[in-house]
Amino acid sequence: MRRMLGMLPLLLLAWALEVNPSSPLELRITASLSFNLFPQAVVVERFPEPQGLVVVYRYSQAEAIFRHHDEDLRRRGWVRVKYEVKKDEWKAEYKKGKAKARLSVKDKKGRVEVRLKDGD
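An account of the accompanying structure is given in this report. (Residues numbered from 1 in each chain as written. Predicted model: local features only at pLDDT ≥ 70, side-chain atom pairs only at ≥ 80, totals over all residues. Heavy atoms only, no water.)

### Some thoughts on the overall build of the chain
Part 1 of the reasoning: Within the chain one finds 2 helices and 8 strands.
Part 2 of the reasoning: Classification of the 120 residues of the chain by burial places 31% in the buried group.
Part 3 of the reasoning: On the chain, roughly 8200 Å² of surface is accessible, and the fraction owed to carbon and sulfur atoms is 55%. (Helix = DSSP H or I, 4+ residues; strand = E, 2+ residues; numbered from the N terminus. Buried < 20%, exposed > 50% of the residue type's maximum accessible area, 1.4 Å probe, protein only. Areas by Shrake-Rupley, 256 points an atom, 1.4 Å probe, with all protein chains shown as cover.)

Shown next, in the form of structure tokens:
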């Protein structure tokens, strides 16, 4: 009985994470827009926005996270048409046929906020 009680937190954690077995790291925004999570960082928050998604990682290298998502989108056929870097913020815009997407990565002192939006 004690062994079962000891495993209870692990079972609850597994149930809470509830990953998709076919692709546990892929997040889909629309039929044409999806991306893979950055595997080296811990996801702190994940919530939808109008026409997009916000993912917050606990990580100290925001540029590495931007490069990962940028490469992932381009590997999926998106073409980067605009790129901008400001202090602690990376932004890019992409096109795939008539579809458009925007990626924004902000470094917030140990937390990295990633916004991916579909459309203008």
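### Considering the nonpolar core
Part 1 of the reasoning: Core analysis: the largest hydrophobic core is formed by 24 residues, its most contacted members being Tyr57, Tyr94, Leu103 and Val105.
Part 2 of the reasoning: Contributing elements (two or more residues each) for this core: β4 (52–58), α2 (62–75), β6 (89–96), β7 (99–107) and β8 (111–118).
Part 3 of the reasoning: When residues in this core are grouped by element, the largest group, 5 residues, is from α2. (Core = buried A, V, L, I, M, F, W, Y, C linked by side-chain atoms within 4.5 Å.)

### Side note on the sheet that holds β4
Part 1 of the reasoning: On the basis of which strands lie adjacent, the open sheet formed by 6 strands has the order β3-β4-β8-β7-β6-β5 and antiparallel pairing. Each having just a single partner strand, β3 (42–49) and β5 (79–86) make up the two edges of the open sheet. Along the sheet, successive strands turn relative to each other by an average axial angle of 15°, direction set aside.
Part 2 of the reasoning: Two strands pair when backbone bridges link them, and β5 and β6 are joined in this way by 7 bridges, in the antiparallel orientation. Bridging from a neighbouring strand, Arg80 pairs with Tyr94 of β6.
Part 3 of the reasoning: Sheet strands in contact with α2 are β4, β5, β6, β7 and β8, and its direction is about 0° off that of β6. (Pairing = 2+ DSSP bridges. Axes fitted to C-alpha atoms, helices over the stretch in contact; angles between N-to-C directions. Contact = heavy atoms within 4.5 Å.)

### A closer look at unusual backbone geometry
Part 1 of the reasoning: The phi torsion at Asp88 lies on the positive side, around 60°, for a residue other than glycine.
Part 2 of the reasoning: Relative to the assigned elements, Asp88 resides in the loop between β5 and β6.
Part 3 of the reasoning: Positioned with a positive phi, Lys109 is a non-glycine residue whose angle comes to about 55°.
Part 4 of the reasoning: Residue position: Lys109 is located in the loop between β7 and β8.
Part 5 of the reasoning: Given the relative accessible area of 73%, Lys109 is considered exposed.

### Digging into the pattern of salt bridges
Part 1 of the reasoning: Per the stated rule, a full pass over the model turns up 13 salt bridges.
Part 2 of the reasoning: Across the pair Glu49 and Lys117 runs a salt bridge whose closest N-O atoms are separated by 3.9 Å. Of this pair, Glu49 sits in strand β3 while Lys117 sits in strand β8, and the two are 68 residues apart along the sequence.
Part 3 of the reasoning: Its relative accessible area of 18% is what places Glu49 among the buried residues.
Part 4 of the reasoning: We classify Lys117 as partly exposed; its relative accessible area is 26%.
Part 5 of the reasoning: Each of the salt bridges in this network shares a partner with another, and the network as a whole consists of Glu49, Lys108, Glu113, Arg115 and Lys117. (Salt bridge = Lys/Arg side-chain N within 4 Å of Asp/Glu carboxyl O.)

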